[in-house]
Amino acid sequence: MKENTKPVSGKKLALRILLYLVVFIICVLILYPYFAMLCTALKGRSEIFAAKGTILPKETLWSNFADIWQRAPMAKYMLNSVLIAGGSTVIALICGIPAAYALSRMKFKGDVVFLGFVIVSQMFAPVVLLIGIYKVMMTLNLTNSILGLIFINAAFNQAFTIWLLRGTFMGISSEMEQAAKIDGCNRFEAMVKILLPVAAPGIVTTLIFVFINAWNEYTVALTLISDDLNKPLTVGINIFNGYNMIEWQYLFAASLFAIAPVVILFAIIEKNLVSGLASGGVKG
């Protein structure tokens, strides 16, 4: 049995080709900086500073990626970043999930005002509060410590966590929890056993955004951390940025290592990303 297939008209074909061309151009513009970083990371110092250079390396030096591990404590920097980003993400979710649940399911005096403060707190950049943050950390004796950076990153990502998860919870019918209560579950058990599994895409989306924000944080870490072994990767790679000369091949090689964990994390959970953003965008 033959299928009835309509031929694509010339106008639709032209629009489709134009769409693919636009997408291709956008992809090239987005990926070109990373391609330039890779090419520079594979060059030698003399070729980088040559008067007439090319984007592609004339001599490929893969040894640059090995040299950075000998010239700087890259493993320690990466471990610090994992601890800071992972710890702040866990704290933000532990505190944010109950708060988002309360704002989506419970009505209390001042709930609208509280939600307004949550939104307003997201408007302040860390650099605006840097002096206050430094004084608080000095009082708590948390300057130059990984634990201090964990708490700060968790605090600055708390508003985003609450806002996104509140939208996720509001997109889930409360009848499921009511049915669980009829079966003998209390509110906490209904939230853990029923609500959280259904809200998993939104939680995963929140997790990756909080992790990336904490992983990429630079200003506060640069201000609070003076001990070289406590620096996260974003600050530690400045070791290749000297007073007299920037070692671009090593700086870009280290930057590619800094990008890799985030790319891997995106690749693992990208299936949940779109559905999580859609569920978190529900209007309350």
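Structural data are supplied above this passage.
Analysis parameters
- Residues numbered from 1 in each chain as written.
- Predicted model: local features only at pLDDT ≥ 70, side-chain atom pairs only at ≥ 80, totals over all residues.
- Heavy atoms only, no water.
- Phe/Tyr/Trp six-rings, centres within 6.5 Å; stacked < 30°, edge-to-face > 60°.
- Helix = DSSP H or I, 4+ residues; strand = E, 2+ residues; numbered from the N terminus.
- Buried < 20%, exposed > 50% of the residue type's maximum accessible area, 1.4 Å probe, protein only.
- Expected span 1.5 Å × (residues − 1).
- Axes fitted to C-alpha atoms, helices over the stretch in contact; angles between N-to-C directions.
- Parallel < 35°, antiparallel > 145°, perpendicular 65-115°, else oblique.
- Left-handed = near helix turned anticlockwise from the far one by under 90°.
- Contact = heavy atoms within 4.5 Å.
- Nonpolar A, V, L, I, M, F, W, Y, C, P; charged D, E, K, R; others polar.
- Salt bridge = Lys/Arg side-chain N within 4 Å of Asp/Glu carboxyl O.

**Q** What should I look at first to understand the packing of aromatic side chains in this one?
**A** The geometry of an aromatic ring pair is captured by two quantities: the separation of the ring centres and the angle between the planes. In the structure shown here, the tally under the stated rule is eight aromatic pairs. With 5.8 Å between their ring centres and 20° between their planes, Phe211 and Trp215 make a pair best called stacked. Residue Phe211 and its partner Trp215 are both found in helix 11 (residues 200–216); the two are separated by four residues, about one turn of the helix. As far as the burial class goes, Phe211 and Trp215 line up, both buried. Joined through ring pairs, the aromatic side chains of Trp62, Phe65, Trp69 and Phe257 make up one cluster.

**Q** Quick question: what am I supposed to make of helix 8 (residues 158–170) here?
**A** Taking 1.5 Å of rise per residue, 13 residues should cover 18 Å, and helix 8 covers 18 Å from first to last C-alpha, within 8% of that figure. Burial of helix 8 is extensive: ten of the 13 residues sit out of reach of the surface. Residues of helix 8 that are buried include every one of Gln158, Ala159, Thr161, Ile162, Leu164, Leu165, Arg166, Gly167, Thr168 and Phe169, and no others.

**Q** Teacher, can you tell me more about the packing of helix 9 (residues 175–182) against helix 10 (residues 187–198) here?
**A** The description of two helices packed together rests on the angle between their axes and the distance between the axes. Put simply, helix 9 and helix 10 touch, their axes get as near as 9 Å, and they point 140° apart. The angle between the axes of helix 9 and helix 10 places the two elements in the oblique class. In this structure, helix 9 crosses over helix 10, and the sense of that crossing is right-handed. Contact with helix 9, carried on its side by Met176, Glu177, Ala180 and Lys181, involves Arg187, Ala190, Ile194, Leu195 and Val198 of helix 10 and no other residues of that element. The residue makeup of the contact of helix 9 with helix 10, split by class, is six nonpolar, no polar and three charged.

**Q** Teacher, can you tell me more about the packing of helix 5 (residues 111–121) against helix 8 here?
**A** Contact geometry of helix 5 with helix 8 gives a least axis separation of 8 Å together with a crossing angle of 125°. Taken together, the axis directions place helix 5 and helix 8 in an arrangement best described as oblique. Crossing handedness for the pair helix 5 and helix 8: left-handed. Contacts from Leu115, Val118, Ile119 and Ser121 of helix 5 reach helix 8 at Ala159, Ile162, Trp163 and Arg166.

**Q** Whenever I open this one, the environment of Pro57 confuses me. Can you help?
**A** Topologically, Pro57 is positioned in the loop between helix 2 (45–48) and helix 3 (63–71). Given a relative accessible area of 18%, Pro57 falls into the buried group. When the C-alpha atoms of Pro57 and Phe169 are compared, they prove to be 51 Å apart, with 112 residues separating the residues in sequence. The residues contacting Pro57, other than those within four sequence positions of it, are Cys39, Leu42, Lys43 and Glu47.

**Q** Would you mind showing me how to read unusual backbone geometry here?
**A** Residues apart from glycine generally show negative phi values, whereas peptide bonds are mostly found in trans. At Asn141, a position not held by glycine, the phi torsion is positive, near 60°. You will see that Asn144, though not glycine, has its phi angle at about 60°, which is positive. Tracing the chain through its elements places Asn144 in the loop between helix 6 (130–139) and helix 7 (146–156).

**Q** How should the side chain of Asn153 be read in this particular structure?
**A** Looking at where Asn153 falls in the secondary structure, it is placed in helix 7. Discounting residues that sit within four places of it in the chain, Asn153 has contacts with Ile84, Ser88, Asn213, Ala214 and Glu217.

**Q** I tried to follow the side chain of Thr206 on my own but got confused; where do I start?
**A** With respect to the helices and strands, Thr206 occurs in helix 11. Excluding its chain neighbours within four sequence positions, the residues that come into contact with Thr206 are Leu93, Thr161, Leu164 and Leu165.

**Q** Can you walk me through the pattern of salt bridges in this structure?
**A** Pairs can form between side chains of opposite charge whenever their charged atoms are close. All chains considered together, the criterion is met by three salt bridges. A salt bridge links Glu247 to Arg45, with the nearest nitrogen and oxygen atoms 3.3 Å apart. Pair noted here: Glu247 is in the loop between helix 13 (233–236) and helix 14 (248–280) and Arg45 is in helix 2, with a separation of 202 residues, a long-range link. For Glu247, a relative accessible area of 10% gives the class buried. Between Lys231 and Asp228 there is a salt bridge, with the nearest N and O atoms lying 3.7 Å from each other. The exposure class of Asp228 is partly exposed, given its relative accessible area of 29%. Taken together, the shared-partner salt bridges in this structure form one network comprising Arg45, Arg71 and Glu247.

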